[in-house]
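# Structural overview for review
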Amino acid sequence: MTFDLIGPIAYASFFLVLALVNALVCLGLNVQWGQTGLFNVGVVGFVAIGAYASALLTTPPSQGRLGGFALPILVGWLAAMVASGAVSAFVGAVTLRLRADYLAITTFGVAVVVQLVALNAQGLTGGAFGVAFIPRPFDSLASTPALYDLANLALIAIVVVVVYVALERLARSPWGRVLRAIREDERAAMALGKNPVRYRLQAFALGGALMGLAGAIGAHFIGFIAPENYTSSLTFQVWAMLIVGGSGNNLGAIIGAGLVWALWSASGLIIADLVPASFEARAAALRIIAIGVLLATMIVVRPRGLIGEKAMVSRHLDKE
Amino acid sequence: MSGRTPLLIVDKLVAGYEPDLPIVNGASINVAASEIIAVLGPNGAGKSTLIKAIAGLVPISGGSVTFAGHDVTLTPAHRLIGAGLAFTPQTENVFASLSVADNLKLAAGVLPKTHRADRIAAAYETFPDLARQRGLTAGRLSGGQRQMLAIARSLLVGPRALMLDEPSAGLSPKLVEMIFATLADIRQSGVAIVLVEQNTRAALALADRAYILVQGRNRHEGPARALTSDPMVAALYLGGVETEGAP
Amino acid sequence: MTPQVLVDGLMSGALIGLGAIGVTLTYSILGFANFAHGEFISFGAYATLLVASGISALIVGSDQGIGALSISPAVIGASFIAMALTAGLALALDKILFSRLRGKSAAISIVMASFGASMAIRASLEFAFTSRPAYFSRDLEIARPIGFSLRATPDQIALLAVAAALLIGVHLLLTRTQIGRAMRAVSENPALARVAGVDVDATIRFVWAIGGALASASGVMLGLLVQIRPFMGFDLLLPLFAAAILGGIGSAPGAFAGALIIGLGEAITVQLAGSEWRAAFAFLVLIVVLVVRPTGLAGRPT
């Protein structure tokens, strides 16, 4: 094997796969926030639910832990979407008829509780050690890492493209139009006999299902999950991605995911290489500060909230 | 115009919630001490917005408000009451979650500490109904009692001018009579009163002068009696006919 | 289950209560759930730690615990300064962030701004103090019997008394003073409050200051009883929100009652299921309240 070429290709595809997984989460968040205006502070919780649901169904039987049904990966993916979508629907049903902040608080609670369950319900989630031996697509190619990564890259690229096309079509469908109408003028939409709560609930569940799918895809690519992969900093990252890409815009969500993930990874490499080990934790904290400041500044600089897709809406309307 | 020097002069006021969408568009009114003026007009004429703007609750983008010789156009709402200009909104004009006593104590906050208890005692004397209910949460008062509390709260600091937004709204004719009688008493004590009313006949019967606003501007003005007998005014505004002014 | 849960539950209920009052007041007066409130708690604890070490460097012996307590005069003095500093942090955050958004953007974007601020403050604390736990005192305290077969450490008893005093003080402030009436008035109807002569901006600043100071006190107590970490406030956020909503947004006594229920529930959860499940109870309460009675115990319909 010649390292001069294979190494960079392997690294690039590895990086891109994770970027696309993030893009998928970001697309889910865009359905919730960008297109519907629902504020989810517990993104990581819904990603983790998908990852664990799929892992439990597809791993080989394991002692001391529930699950291990060795089902096909595709079944795991579907189950992940159903599980995260169902939890989202439940959260939505409880909170969407109430004040907007209650949804935010409850999603925050979901992330806390999911982390708690992942860490402590050993019989279900493997506890702090997590779940290993999650079947990987194209595992037969694993002996050639570059090929394995490339094959996975192709697979997830297809998934992202399919989801992207589906979401774009959905935005132009009658359903998408009602959703926009509700966000722009809730009362007018209600006068037309549309129930805003029902549409919001559907959008929130759809976004949650996409997050769950992303969680499952990520888990199957790495082959191993543990609670420490699902901390609140993931939520912050995805938010930064959506904001950088421009919320309300599906293509922007994907580009933002790539950009922020690149910056995040690059800064991680720089910290690991250049910063003395004793200072590493602090340098990592600086990254979080930067995202927090970015989030707060964007909201102030763009006073109409972050719903910056006015142009997008009129473009859709023009086409109609 | 009466012969007295006006206490409150509103000159060509332009105001609205959004800068490019003025609801009040050049309205002018004035009122002197011991005078009652009525501001009338069809729905959407900008009557309410006019007095809310004077009270500092709606952004003013043109014209001026002069009170007791001082320009108060840009004075924040909470300073006006201390300066002697009181306002009673139409709805939600008492703090429903506070007791009657706390409503009055809150209003007394702009007075020097030594005067507060005396003024509250005086208010209870004027409105004995409220004195009996002082421990009750204001949200549990009847409609008439609420209106009384709202007026008592506005009068507590001894203002020189009182603006009221539709004090008769939603009250029985008997209660309206009572409220208007109270306003007549208040005028006797030297207070200038600006009354915005939908109930045109009752308002004209009480007021000395009246302004009729259409589309945010003065359309008619004059002594209340003259307006009542003006056949055109009577046809347009006293018959309850909606006119071109309504949006 | 032992009656000991009563002591533990009261203690954590008091800690949650001090924070939840700030959450409920800012929520009802400013109309948004402030996700940075947890960071006020952490900030207060670290500010106290820093100031206390300064004081004990200046005044020899001020870092010794008073009597049977592990709490030193330096920490007590520092906690007052930290309350002022945390109030200052809350005011600064309002000035540079929230006040710019007030009235202009949807409430939810203010929530989001608070979420960003929460991250930035928490990571700043991590940057300055690292994520290693810190302690006010290394003294180990022994729980003593206090009757009814209950045991409590002298620190716990002292802090419960302080928390009770603070809560009674806040209650008197809200019900008996002019600023308290003004706060309730602004929370119900800001426009009418202005007409009634209330300086709404000044009242809002006062609410931030009170909320920050109480959060700081809560942080110091948590630091004395457990430890000081950058995530200590963030981890308390879910119970704070749950207590505020359970009590009914805007009601200080409600928030305190909600906090006691959650504190006791957490203590029982710890007894029955283990300490790792503590945080799940607050979530359970949150869901039940939102399903059964979203206006909370003392809530008025919104």
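The preceding data block contains the structure.
My aim in this report is to walk through the structure given alongside it, one point at a time. (Residues numbered from 1 in each chain as written. Chains lettered and ligands numbered in written order. Predicted model: local features only at pLDDT ≥ 70, side-chain atom pairs only at ≥ 80, totals over all residues.)

### Description of the overall build of chain B
When its secondary structure is counted, chain B shows 10 helices and 10 strands. In summary, chain B has a C-alpha radius of gyration of 18 Å against a globular reference of 18 Å for 247 residues, a match within 12%. Expressed as a percentage of its 247 residues, the buried residues of chain B come to 46%. In chain B, of all internal contacts separated by at least 6 residues, the share reaching a separation of at least 24 is 69%. (Helix = DSSP H or I, 4+ residues; strand = E, 2+ residues; numbered from the N terminus. Rg over C-alpha atoms; globule rule 2.2 N^0.38 Å. Buried ≥ 20, exposed ≤ 12 C-beta atoms within 10 Å, placed from the backbone. Contact = placed C-beta atoms within 7 Å.)

### Some remarks on the sheet that holds strand β4 (residues 60–67) of chain B
All names here are of chain B. Read across the sheet, 4 strands follow the order β2-β1-β4-β5 without closing on themselves; strand pairing throughout is antiparallel. The outermost strands of the open sheet, each flanked by one partner alone, are β2 (24–31) and β5 (70–71). Summarising the sheet, β4 and β5 pair through 2 bridges and their orientation is antiparallel. Among the inter-strand pairings, T66 is bridged to a residue of β5, identified as D71. Of the strands in this sheet, β1 (8–15), β2 and β4 touch helix α1 (residues 47–54), which is tilted by about 115° from β1. (Pairing = 2+ DSSP bridges. Axes fitted to C-alpha atoms, helices over the stretch in contact; angles between N-to-C directions.)

### Details of the sheet that holds strand β3 (residues 36–40) of chain B
Residue and element names in this part refer to chain B. Spatial strand order, β6-β7-β8-β3-β9-β10: 6 strands in an open sheet with mixed pairing. Only two strands of the sheet have a single partner each, and these edge strands are β6 (85–88) and β10 (217–223). Averaged over all pairs of adjacent strands, the angle between their axes in this sheet comes to 15°, without regard to strand direction. Where β3 and strand β9 (residues 209–214) come together, 4 bridges link them in parallel fashion. Note that in β9 the partner of I37 across the bridge is R209.

### Here we look at the interface of chain B and chain C
Tallying the contact residues gives 21 residues for chain B and 17 residues for chain C. Taken together, the elements giving at least two residues each to the side of chain B that touches chain C come down to α2 (77–83) and α3 (100–107) of chain B. Taken together, the residues of the side of chain B that touches chain C break down into 12 nonpolar, 5 polar and 4 charged. (Nonpolar A, V, L, I, M, F, W, Y, C, P; charged D, E, K, R; others polar.)

### What to know about the nonpolar core
Counting residues in hydrophobic clusters, the biggest one holds 285 residues, and the most contacted among them are A:L24, A:C26, B:I37, B:V39, B:A161, B:L195 and C:F241. Beyond its immediate chain neighbours, meaning those up to four positions away, B:V39 contacts B:I29, B:K47, B:L50, B:V194, B:L195, B:V196, B:Y211 and B:L213. (Core = buried A, V, L, I, M, F, W, Y, C linked by C-beta atoms within 7 Å.)

### Description of helix α7 (residues 174–184) of chain A
Taken together, the buried positions of α7(A) are A:L179, A:R180, A:I182 and A:R183. Viewed along the axis of α7(A), the buried residues span an arc of 160°, placing them on a single side of the element. (Arc of directions from axis to C-beta.)

### Thoughts on the interface of chain C and chain A
Listed by partner, the interface residues are 38 residues for chain C and 37 residues for chain A. When residues of the side of chain C that touches chain A are traced back to their parent elements, those giving at least two are α3 (73–101), α4 (107–129), α9 (232–247) and α11 (278–292) of chain C. Residues of the side of chain C that touches chain A, tallied by class, amount to 27 nonpolar, 7 polar and 4 charged.

### Looking at the arrangement of the chains
Interchain contacts are distributed over 2 pairs of chains, and the most extensive set of them lies between chains A and C. Separated without contact, chain A and chain B have their nearest C-alpha atoms at a distance of 15 Å.

### What about the packing of helix α10 (residues 252–273) of chain C against α11(C)?
All names here are of chain C. Contact pair α10 / α11: the axes reach a minimum separation of 8 Å and the direction vectors enclose 135°. With respect to each other, α10 and α11 are oriented oblique. Crossing of α10 against α11: the hand is right-handed. Contacts between α10 and α11 involve I262, G265, E266, T269 and V270 from the first element and R278, A280, F281, A282 and V285 from the second. By residue class, the composition of the contact of α10 with α11 is 6 nonpolar, 2 polar and 2 charged. (Parallel < 35°, antiparallel > 145°, perpendicular 65-115°, else oblique. Left-handed = near helix turned anticlockwise from the far one by under 90°.)

In short, the description is geometric, and any link to function would need to be established separately.
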